[in-house]
Number of protein chains: 2
Amino acid sequence: MGSVRVHEVCLRDGLQNEQTLVSTADKARVLRQLIAAGCKDIEVTSFVRPRMIPQFADARDLMAMIPEADGVRFWVLVPNLKGLDRALDSFTKHIATFMSVSDAHNRRNVNRTVRESLVGVSRVLRDARLEGLGTRSYLSTAFGCPYEGFVSPQKTCELGLALLEAGAQTIALGDTTGMGTPAVVSDVLQAFFDAGVAPEQLAVHFHDTRGTALVNIHTSWSMGIRHFDGSVAGVGGCPYAHGAAGNACTQDAIHLFNSMGEEHGLSMEELCKAGEMLERFLGRELPGRYHRYWMGSRSTRVESARA
Amino acid sequence: MGSVRVHEVCLRDGLQNEQTLVSTADKARVLRQLIAAGCKDIEVTSFVRPRMIPQFADARDLMAMIPEADGVRFWVLVPNLKGLDRALDSFTKHIATFMSVSDAHNRRNVNRTVRESLVGVSRVLRDARLEGLGTRSYLSTAFGCPYEGFVSPQKTCELGLALLEAGAQTIALGDTTGMGTPAVVSDVLQAFFDAGVAPEQLAVHFHDTRGTALVNIHTSWSMGIRHFDGSVAGVGGCPYAHGAAGNACTQDAIHLFNSMGEEHGLSMEELCKAGEMLERFLGRELPGRYHRYWMGSRSTRVESARA
């Protein structure tokens, strides 16, 4: 292989905190554009309770609109067994679970201790594997928690091992609030490697809150990681901080991988068009660097053509 | 030593393309704030012809307002011997020269071939050294030219050697339009090292146009470079691309260096206040990631205090 694998999260993590509700038809348009761009792993929606996140109240309808697409894995986020049932009713083949590595963040997010979540998530993973589903498990705040600071890499690693044991095929290490830096990323990844986890069992999920997403991706890559989460146009920021950066921008990562000669199977141009769509549907400028560069050079081209 | 040195360019490269003219008094306010933040190398203005860049028509007045500040080097950009004379009249002690490594960019910028510029810049350097001035020489488009693509590292290195020979104390390798990536940066730096140039003779000047500024800084650091240009709040983007990123944001770099335990002598909080000032004086949101994070968390704090 040697090539990188990009897990596209713009429709799920990207839209999760957006106050503007995107219509199901528009989400399906983005989905088709992502497929056209060559995405092979697309996180489509979340089966959390609709009351919790109104953006995902249409999860079932959106799942019904997924087009035929050979070789594309469509992922859904599942909070618990009930969510898994709903996902299975929608003919899901790939599910993602989530929990934080820090108690303070986990309590605020799902009102449970880390140990309680580990039990619940493990049940979801076991049932999902019995159903023959593909599985990935997010470990949030793996590179820093806004309430507890840096959680020990050993604790994060222990949780990852427990999830792998329970049936997770991939552990997605999440830098939930963008506290990660190359030093922290190295420490956490090394803890996993020291425990015998292979790079192929890990994915990294960065946020660009403080500008470190790309340098963290590069650091992870240099340590052997080849599975990266990205969000087209960097959508997925904290909605309360105006102009703040969000998820690692898929195009930024692809620009980096292109410069390194890494194969990824994605079309930059088609990704950028997906970003333009998202920007239109959300009605605001999205923060991804390469996305903004592309939007800017595009408007310059339009102006030149007019002049 | 082992510590990093940051060359602050927000008042010069940062403001160069800004259409909003900042008053001399406001520039002096930013300057004082940069000194309060601990900056030891500050590029203050440019002695180009005022007709060329109206933002610097007040170069002489601003130079007269530089406060006493022990150990701070105040730099000015000088295009030619006439500019050097004007700079000397303003009691400059440190000058920076500039030229591109690609003919196409150099022609568009100063209407000369690279060889012609090399002759002119060398004269400025020799005279500057005779006057006892500190010198740095920018080599623009060192990591990519928008017209010619990637210039060979050997050509860039030859020009750098010629400038060092002519009296440049530092070669500042400029990624003028943000085309640099870790691979290109490594190639260019390695060419200099292979030619016997020490890391201490080089500085790197990145732009974040496509999101690669920080990963390029990290790559340069890992190759031994300790001298980095930064622009507070990332000011210095192309004014024609709305929302586009500009110079490498000083705070982004400092955040990275802090995470690595690198000493730099700068106060993040005071740098951020300088960024807030610049944003107010320019009347627009500035793009630096950490700057935006700080502005966002600041407004959140204010809202929390109100609630």
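Residues numbered from 1 in each chain as written. Chains lettered and ligands numbered in written order. Predicted model: local features only at pLDDT ≥ 70, side-chain atom pairs only at ≥ 80, totals over all residues.

A. Inspection of the pairing of strand β5 (residues 134–140) of chain B at higher detail. All names here are of chain B. Buried residues dominate β5, accounting for six of its seven residues. Here strand β4 (residues 94–100) runs beside β5; their pairing, made up of seven bridges, is parallel. Residue Ile95 lies in a different strand from β5, and its bridge partner there is Thr135. Bridge count between β5 and strand β6 (residues 170–174): four bridges; the pairing is parallel. Of the residues in β6, the one forming a bridge with Arg136 is Thr170. (Buried ≥ 20, exposed ≤ 12 C-beta atoms within 10 Å, placed from the backbone. Helix = DSSP H or I, 4+ residues; strand = E, 2+ residues; numbered from the N terminus. Pairing = 2+ DSSP bridges.)

B. Local environment of the relation of the copies chain A and chain B. Superposing chain A onto chain B requires a rotation of 180° together with a translation of 0.0 Å along the rotation axis, leaving an RMSD of 0.0 Å. Such a turn and shift between the copies fits a two-fold axis. Proximity to the rotation axis, assessed at the C-alpha, singles out Val215 of chain A in chain A; its C-alpha lies 2.3 Å from the axis. The fraction of interface residues of chain A whose copies in chain B are also interface residues reaches 100%, indicating that both copies meet through the same surface. (Least-squares fit on C-alpha atoms with pLDDT ≥ 70 in both. Contact = placed C-beta atoms within 7 Å.)

C. Geometry of the nonpolar core. Residue and element names in this part refer to chain B. Membership of the largest hydrophobic core comes to 179 residues, with the highest contact counts inside it found for Ala253 and Leu278. Tallying contributions element by element places helix α11 (residues 268–282) first for this core, with six residues. In this view, Leu278 contacts Cys10, Val30, Val232, Ala233, Val235 and Leu286; residues no more than four positions away in its chain are not counted. (Core = buried A, V, L, I, M, F, W, Y, C linked by C-beta atoms within 7 Å.)

D. Seen up close, the pairing of strand β8 (residues 227–230) of chain B. All names here are of chain B. Residues His227 and Asp229 point to one face of β8 and Phe228 and Gly230 to the other, with burial holding for every one of them. Where strand β1 (residues 5–8) meets β8, four bridges bridge the pair, whose relative direction is parallel. For Arg5, the partnering residue across the bridge sits in β8 and is His227.

E. Spotlight on the interface of chain A and chain B. Taken residue by residue, the interface counts 31 residues in chain A and 32 residues in chain B. Those elements that place two or more of their residues in the side of chain A that touches chain B are α8 (182–194), α9 (213–222), α10 (250–260) and α12 (289–306) of chain A. Ranked by residues supplied to the side of chain A that touches chain B, first place goes to α12 of chain A with seven residues. Here the residues of the side of chain A that touches chain B sort into 13 nonpolar, 12 polar and six charged. (Nonpolar A, V, L, I, M, F, W, Y, C, P; charged D, E, K, R; others polar.)

F. A look at helix α4 (residues 81–89) of chain B. All names here are of chain B. Taken residue by residue, α4 has Gly83, Leu84 and Ala87 as its buried positions. Viewed end-on, α4 has its buried residues packed into an arc of 100°, placing them on one side of the element. Among the structural elements, β3 (73–77), β4 and α6 (114–130) are those in contact with the buried residues of α4. Positive phi appears at Phe91, one or two residues downstream of α4, with a value of about 65°. (Arc of directions from axis to C-beta.)

G. Fine view of helix α6 (residues 114–130) of chain A. All names here are of chain A. When the terminal C-alpha atoms of α6 are compared, their 24 Å separation across 17 residues agrees well with the 24 Å that a helix rising 1.5 Å per residue should span. For α6, the secondary structure elements touched by its buried residues are α4 (81–89), β4 (94–100), α5 (103–110), β5 (134–140) and α7 (153–166). Immediately downstream of α6, the backbone of Gly132 shows phi near 80°, a positive value. (Expected span 1.5 Å × (residues − 1).)

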